[in-house]
Amino acid sequence: MGPSPYPAQADSPRERTMKALILFWLCVLLFPGFSQGRVVGEDEAGFAECNVFFPGQVPPEGFTEPFHVKICQQYNREPRFATLYSTKDKIPLYSAFKYTKAAQNEEESWLVEPQVDDPDNDQQEMVLEADLVGTVANLGANQALTSDYVGSGYERGLLNPSLLNEEDFQTATYTLTNAVPLSPSLSKTWHRDIGRVVEQALAPHCPSKDHLYLLAGAIPSSVRVKGKVSVPEALWLAACCDAAEGWSLGLVKKTSDENSLADLKVGELEEQLLAGIELFKGSCGGDSKNKEKVEAILQAVGQIRAGGQVGTNDRQESKESGLVRKVAGIIATPFIKLLELLIYLLVELVKFTFYFLWLVIKRVGSTLLDGASSLWGGVVSYLQAISMVLISIPYDLGRVVANISLGFLEIVQDVAFLTYRILRIPVGFVLHLAAFPYHSVCAIPSVLKDLAAGIGGTFSLAVDATATLLQGFYYVASHIAKRFIPKGSSGD
């Protein structure tokens, strides 16, 4: 990650993971062709894959402050240009690019770089500022934001002008890490002059556009927009044609004079920058070797400069329409301010909306994680119970086998006892049968005795019965006689 002079607030791994996932899917769903701006790490050489925008793939030397951040600006996963950004001044110090082709400006879609403010952020893509609310620590601490320009009277001037690029290269230029605060008129003249110089003076005198390397930079000043973003005191352009008959050239535009455009050698330009700066290496370093081409280029630059200042239609039209523009400016100013206020309110509303959505997603995610944790605890408990049951199966199986064995032994015992009882029956019967004659003979005297006693008893019983019967008849006869035979008198 790039160096940062400001400490970043650390999030927990769980929150960081949730934020990364949410931001990733938002980017995929809402911005399928998003720009990418990778902050180059200190352990990487130069600008990594963006070294192709420097002659000999060697970036400028001498920019060694700890608040200088190297950014490889990409779009659709391809390098488009390189930027050295100052987190202290919150503007780019230079952008390195190649001239592709002049094109009309497309719709602007301004992006910010998350890793400039939060080096520990996992996102390596530039996204809209509203999409980063609540997901990047200290957003805006190290870089300018759209809100810094609202109502300030300054525009976001591009160091790498969009009009010198086409298609994906042009789309990639609309990033706040490629913009500096410029007045509307200065922004217009800077893009106009640089466009004409590159198209009419530099590109025609280099054998191939692939050999033409461009550095557009800004010199910071103490003037700050809203006390935060530095307003450059000068803008500069360094060009190098890294070919057999190569050349190099520098141009400077003072922001205090928007019509100024001074040409100078690269060495002279380096002296106006930080001490020890060397912009180009190899055949582009030092003084140019091809004096003739440099003279031709300077002549073309002079014509462009003269056409923009003295005796030109632009100058004449500017003088003639000066009063009209002032009146139109006075009339339009309230509407512009109102529009800026509406844009500011809209940006704040979008920020609040995304922050609210982030809170909702965070709460839902926390609930889902808690539910997943509870579910996991239930699964673990269930697996523990199953494990205990599986472990007890061999023990229970042993008990069943033991009980079956004991039951079988009892059955064998019962069968043996039953067999024993069955086998005992014939022996007893034989013994009883053998003893029958003995018991029978021995019983005869007793039987005869009992028989005689029985006969005697019977006869005695018959005599007693007969006597009793005769006694009964006598009693009846005497009773009847007493009833029916009259008694005689006592004298008879």
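Keep in mind that this is a model prediction, so the values were computed, not measured.

## Considering unusual backbone geometry
Moving on, step 1. At Gln-57, a position not held by glycine, the phi torsion is positive, near 55°.
Moving on, step 2. For Gln-57, the location among the structural elements is in the loop between strand E1 (35–39) and strand E2 (68–75).
Moving on, step 3. Phi at Asn-76 takes a positive value of approximately 50°, unusual for a residue other than glycine.

## Topic: the nonpolar core
Moving on, step 1. Val-198, Leu-202, Leu-212, Leu-214, Leu-237 and Trp-247 are the most contacted members of the largest nonpolar core, which totals 52 residues.
Moving on, step 2. It is helix H5 (residues 184–202) that contributes the most residues to this core, seven residues altogether.
Moving on, step 3. One finds Ala-82, Leu-215, Leu-264 and Leu-269 within the second-largest nonpolar core, a separate group that totals 28 residues.

## What to know about the side chain of Thr-100
Moving on, step 1. Its location among the elements puts Thr-100 in the loop between strand E4 (91–98) and helix H2 (114–117).
Moving on, step 2. At a separation of 3.3 Å, a polar atom in the side chain of Thr-100 contacts the main-chain carbonyl oxygen of Leu-164.
Moving on, step 3. With residues up to four places along the chain from it excluded, the contact list for Thr-100 reads Leu-164, Asn-165, Glu-166, Phe-169 and Lys-209.

## Section: the pairing of E2
Moving on, step 1. Across the eight residues of E2, seven count as buried, placing the element largely inside the fold.
Moving on, step 2. In the sheet, E2 pairs with strand E3 (residues 78–86) via eight bridges, with the strands oriented antiparallel. Bridging from a neighbouring strand, Lys-70 pairs with Leu-84 of E3.
Moving on, step 3. What sits between the antiparallel neighbours E2 and E3 is a turn of two residues, in which Asn-76 has the positive phi angle 50°.

## Let's talk about the pattern of salt bridges
Moving on, step 1. Applying the stated criterion across every chain, the model contains seven salt bridges.
Moving on, step 2. Notably, a salt bridge pairs Asp-193 with Arg-192, separated by 3.2 Å at the nearest N-O pair.
Moving on, step 3. Between Lys-253 and Asp-193 there is a salt bridge whose closest N-O contact spans 2.8 Å. Of this pair, Lys-253 sits in strand E11 (residues 247–254) while Asp-193 sits in helix H5, and the two are 60 residues apart along the sequence. No difference in accessibility class separates Lys-253 from Asp-193, as the two residues are buried.
Moving on, step 4. Bridged by salt links that share partners, the residues Arg-192, Asp-193 and Lys-253 form one connected network.

## Considering a nonpolar patch on the surface
Moving on, step 1. Taken together, Leu-346, Leu-349, Phe-352, Phe-356, Leu-357, Val-360, Ile-361, Val-364 and Leu-368 make up a surface patch of nonpolar side chains, about 850 Å² in accessible area.
Moving on, step 2. Positionally, Leu-346 belongs in helix H9 (residues 322–434).
Moving on, step 3. Classification of Leu-346 as exposed rests on a relative accessible area of 52%.

## Quick look at the state of the cysteines
Moving on, step 1. Taken as a whole, this structure holds two disulfides when the rule is applied.
Moving on, step 2. One disulfide bridge connects Cys-50 with Cys-72, the sulfur atoms lying 1.9 Å from each other. Judged by the sign of its S-S torsion, about 75°, the cystine formed by Cys-50 and Cys-72 is right-handed. Here Cys-50 is found in the loop between E1 and E2, whereas its partner Cys-72 is found in strand E2, with 22 residues between them in sequence. Assigned by exposure class, Cys-50 and Cys-72 land together as buried.

## Structural notes on the environment of Phe-53
Moving on, step 1. In this structure, Phe-53 sits in the loop between E1 and E2.
Moving on, step 2. Each residue touching Phe-53, except ones within four places of it in the same chain, is listed here: Pro-79, Arg-80, Phe-81, Ala-82, Ala-96, Phe-97, Lys-98 and Tyr-213.

## Here we look at the packing of aromatic side chains
Moving on, step 1. For the structure on display, the rule yields three aromatic pairs.
Moving on, step 2. Ring geometry for Phe-47 versus Tyr-94: centroids 6.4 Å apart, planes at 55°, classification tilted. You can see Phe-47 sitting in the loop between E1 and E2 and its partner Tyr-94 sitting in strand E4, a full 47 residues away along the chain. Summarising the burial analysis for this pair, Phe-47 and Tyr-94 share the class buried.
Moving on, step 3. An aromatic cluster is present here, built from Phe-47, Phe-54, Phe-63 and Tyr-94 joined pairwise through their rings.
Moving on, step 4. For Lys-70, the ring lying beneath its charged end belongs to Phe-47, and the centroid distance is 6.0 Å.
Moving on, step 5. One Lys or Arg, Arg-80, reaches over the ring of Phe-169 and ends 4.7 Å from the middle of that ring.

Quick notes on the rules
- Residues numbered from 1 in each chain as written.
- Predicted model: local features only at pLDDT ≥ 70, side-chain atom pairs only at ≥ 80, totals over all residues.
- Heavy atoms only, no water.
- Helix = DSSP H or I, 4+ residues; strand = E, 2+ residues; numbered from the N terminus.
- Core = buried A, V, L, I, M, F, W, Y, C linked by side-chain atoms within 4.5 Å.
- Buried < 20%, exposed > 50% of the residue type's maximum accessible area, 1.4 Å probe, protein only.
- Polar contact = N/O pair within 3.5 Å; in protein donor to acceptor, adjacent residues only side chain to side chain.
- Contact = heavy atoms within 4.5 Å.
- Pairing = 2+ DSSP bridges.
- Salt bridge = Lys/Arg side-chain N within 4 Å of Asp/Glu carboxyl O.
- Patch = residues over 30% accessible without salt bridge, like charges linked within 9 Å, V, L, I, M, F, W, Y side chains within 5 Å.
- Areas by Shrake-Rupley, 256 points an atom, 1.4 Å probe, with all protein chains shown as cover.
- Disulfide = S-S within 2.5 Å.
- Phe/Tyr/Trp six-rings, centres within 6.5 Å; stacked < 30°, edge-to-face > 60°.
- Lys NZ or Arg CZ within 6 Å of the ring centre and 35° of its normal.

Any link to function would need more than the numbers given here.
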